[in-house]
Amino acid sequence: MKVSICKKSPILSPCELKNFEYQVDPYIGCEHYCYYCYALLQAETDWSKEIIMHKDIVGQLSQELDRIPPQKIYIGYTTDPYQPCEEEYCQTRKVLELFLKSGFSASILTKSDLVVRDIDILKEMDSASVSVSVAFNDNPTRRQFEANTLDTERRIEALHKLKEAGIKTSALICPVVPYITDVIPLIESLAPLTDLIWIYGISIEKRSDQSWKNVNSILKNHFPNSRKKIEEVIFTKDHPYWLSLREKLYNIQESNNLNLSIHL
């Protein structure tokens, strides 16, 4: 993987998520290269070959933070802050160290267990939180859709360690791929380790999107008998599949007193 230095551009940016004003992505690009990822639409480089990072992330971000009051900032909206190169370059850890020093806190989304490395910093922050994303019930299927990510079991173990350390935890079941992702067993595994579970269906707008080209190729090669019906559900927002799954999840939420945020 080639890691390049970007031209100077803002590190702190407005966040579209509820309850967050700002977000930080410590890297530009994500070597996890999940084939279904919505962010591929805005990729500046070929993420399978090149990732970009900021030349002086601490110095520049420090100046940007000086302009806003201390608050919780979202990390991981566009790229995974704990993608493999983080182990060597520690851009995310540098950001967290700066946050702690400056009175800020962080809400992190990741597919990696490398986040447990930074428990020492997160424990010192005011209300830091970590959400771990999972989508597949078995690792052979996971590798077909997100080959460069960690096993689901390792992500769940990371949640266990975070919760044990007293850090607020949540999970993201995303994307739900019709007829492939079995949501209920994932909920059963995640619920004891989390305060909240978000559930999102796969989001692909157009058949011309790179994410659909990737997914369609996977379906042709590995799920040829299901490809057509999966495609139909993906591109039909009110398909009976989504309606039925939504109803099941609401029933499970009520009967088991679970905190689910359902977006299907």
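About the cut-offs
Residue numbering note: each chain is counted from 1, following its sequence as written. For a predicted model such as this one, the threshold for reporting local features is a pLDDT of at least 70, and the threshold for listing and counting side-chain atom pairs is 80 or more; totals across whole chains, interfaces and linings nevertheless cover every residue. Calculation of side-chain values draws on the structure's entire complement of heavy atoms; hydrogens and water are dropped beforehand. Relative accessible area decides the class of each residue, using a 1.4 Å probe on protein chains only: under 20% of the type maximum gives buried, over 50% gives exposed, and in between gives partly exposed. Under the DSSP-based scheme used, a helix requires at least four consecutive residues in state H or I and a strand at least two consecutive residues in state E, with every element numbered from the N terminus. Each pair of strands is called paired provided DSSP finds at least two bridges between the two strands. Inter-axis angles, ranging from 0 to 180 degrees, are taken between N-to-C directions of lines fitted to C-alpha atoms, where helices are fitted over the stretch in contact. What we call a nonpolar core is a set of buried Ala, Val, Leu, Ile, Met, Phe, Trp, Tyr and Cys residues that are connected through their side-chain atoms within 4.5 Å. Contacts are residue-level and defined by heavy atoms, with any inter-residue pair within 4.5 Å sufficient. Here a salt bridge means any side-chain nitrogen of Lys or Arg lying within 4 Å of a carboxyl oxygen belonging to Asp or Glu.

### Description of the pairing of strand β7 (residues 105-110)
- Counting buried positions along β7 gives six out of six residues, so the element sits mostly inside the fold.
- Residues Ser105, Ser107 and Leu109 line one face of β7 and the alternating positions Ala106, Ile108 and Thr110 line the opposite face, and both faces are buried.
- As judged from the four bridges shared by strand β6 (residues 72-75) and β7, these two strands associate in the parallel manner. In the sheet register, Ile75 faces β7, and the bridge partner there is Ile108.
- Pairing analysis gives four bridges linking β7 to strand β8 (residues 129-134), with the strands arranged parallel. Counted as the bridge partner of Leu109 is Ser131 from β8.

### Some remarks on the sheet that holds strand β9 (residues 168-176)
- With respect to topology, eight strands assemble into an open sheet ordered β2-β3-β6-β7-β8-β9-β10-β11, the strand pairing being mixed. Each edge of the sheet is formed by a strand with only one pairing partner; in this case those strands are β2 (12-14) and β11 (260-263). The sheet shows a mean angle of 25 degrees between the axes of neighbouring strands, taken without regard to direction.
- Direction of pairing for β9 relative to strand β10 (residues 196-201): parallel, over a ladder of five bridges. Bridging from a neighbouring strand, Ile173 pairs with Ile199 of β10.

### Observations regarding the nonpolar core
- The biggest cluster of nonpolar side chains holds 48 residues, and the ones touching the most others in it are Phe99, Leu122, Ile173 and Ile199.
- With sequence-adjacent residues up to four places away left out, Phe99 is seen in contact with Val24, Leu61, Leu65, Ile73, Ile75, Phe104, Ser105, Ala106 and Met125.
- Residues Leu40, Trp47, Val215 and Phe223 belong to the second largest nonpolar core, which totals 22 residues.

### A closer look at the pattern of salt bridges
- Considering all chains together, one arrives at 10 salt bridges under this definition.
- For Arg93, the salt bridge identified is with Asp118, shortest N-O distance 2.6 Å. Here Asp118 lies in the loop between β7 and α4 (119-122) and Arg93 lies in helix α3 (residues 91-102), a separation of 25 residues in the sequence.
- For Arg93, a relative accessible area of 18% gives the class buried.
- When the shortest N-O distance is used, the salt bridge between Arg93 and Asp120 registers 2.8 Å.

### Quick word on the sheet that holds strand β4 (residues 27-28)
- Pairing is mixed in the open sheet, where three strands are placed in the order β1-β5-β4. With partners counted over all chains shown, the strands left at the sheet margins are β1 (2-5) and β4, one partner each.
- Where β4 meets strand β5 (residues 50-53), two bridges bridge the pair, whose relative direction is antiparallel. When the sheet's bridge partners are listed, Ile28 is paired in β5 with Ile52.

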